[in-house]
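Letter by letter, the chains look like this.
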Amino acid sequence: WLSFLAEAGAMLADSLDPGMTIAITGQIVVPRLATWCAVYLDDERGRPSLQQVWHEDERLIGPVRAALEEAGESEVEGAVVRVPLVARAKRIGTLVLGQAAGEPLRGERLLVAESIARRAALAIDNARAHDELRAAGHPLQRSLLPATMPVVPGVDGSSRGTVMGILPER
C-alpha cells in the first residue's frame, strides 16, 4: 500500500489542471480500491456538484452517473462509502466509492482510500489556485506587451503570441 500511495501522490502532484486532477483521482481509485467512484466538488454555496464518475466496466459509467444524478448513492447497488475531500482544513467535496454487494470498504483499504482523498483534495485545491493565478496573470501579461511591434530599419520581424522570429535583411 505504501508504494501505491507514493505513486498516487506523485501522479496527483504532477497535474495543475483541475479536470485532469479529478480524472487522475478516478484512475487511481478504480479498480484498485473500488468498483466505481464519483467525485463531487462543493460549489460556491457549499452544495455538492457531481464532477466525474468512473466504473471498472466503462459501459456502466452512464447508468451509474444517471443513478447518482437522479437519486444519489441509494440507487446504486452495493456498498458505498463517502470520504470527505478536505484541503487546508476546508471541505471542498466528497469522494464516493462503491463496491459490489457484500464487499464493504473497511480496514486497510479504507485507510488507503482516506489517504488518497486527502492527497486528491490538496491536488485539486492546488490546481484550482493555479488556474486562478494564471487567469489573473494573463491580462497583466498582455498589458505589459507593446500594442504594436516596433519597426527596426533593416530587420524583418514577426510575432505570434509571445514568440518572435527575427530574419536577416535580404
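Remember, it's a predicted structure, so these values are computed and weren't measured experimentally. (Residues numbered from 1 in each chain as written. Predicted model: local features only at pLDDT ≥ 70, side-chain atom pairs only at ≥ 80, totals over all residues. Heavy atoms only, no water.)

Undergrad: Can you help me understand the sheet that holds strand β1 (residues 36-42) in this one?
TA: Hydrogen bonds along the backbone pair up the strands of a sheet, which may run parallel or antiparallel. Judged by pairing direction, the sheet is antiparallel, and its 4 strands sit side by side in the order β2-β1-β4-β3 without closing on themselves. A single partner strand is all that each edge strand has here, and the edge strands are β2 (48-55) and β3 (79-87). Between one strand axis and the next, the sheet turns by 20 degrees as a mean value, whatever way the strands run. With respect to the sheet, helix α3 (residues 61-70) is in contact with β1 and β2, its orientation differing from that of β2 by roughly 155 degrees. In the packing of helix α4 (residues 108-144) onto the sheet, contacts are made with β1, β3 and β4 (90-99), and the angle to β3 comes to roughly 40 degrees. (Pairing = 2+ DSSP bridges. Helix = DSSP H or I, 4+ residues; strand = E, 2+ residues; numbered from the N terminus. Axes fitted to C-alpha atoms, helices over the stretch in contact; angles between N-to-C directions. Contact = heavy atoms within 4.5 Å.)

Undergrad: Looking at this structure, how should I read the nonpolar core?
TA: The tendency in soluble globular proteins is for nonpolar side chains to be buried as a group. Formed by 32 residues in total, the largest nonpolar core has its most connected members in V29, L85, L95, L97 and I116. Elements with a contribution of two residues or more to this core: α1 (2-13), α2 (18-29), β1, β3, β4 and α4. Among the elements that take part in this core, α4 stands out by supplying 8 residues, more than any other. Discounting chain neighbours no more than four positions away, the residues touching L97 are V29, A34, W36, C37, A79, V80, V81, V83, L105 and A113. (Core = buried A, V, L, I, M, F, W, Y, C linked by side-chain atoms within 4.5 Å. Buried < 20%, exposed > 50% of the residue type's maximum accessible area, 1.4 Å probe, protein only.)

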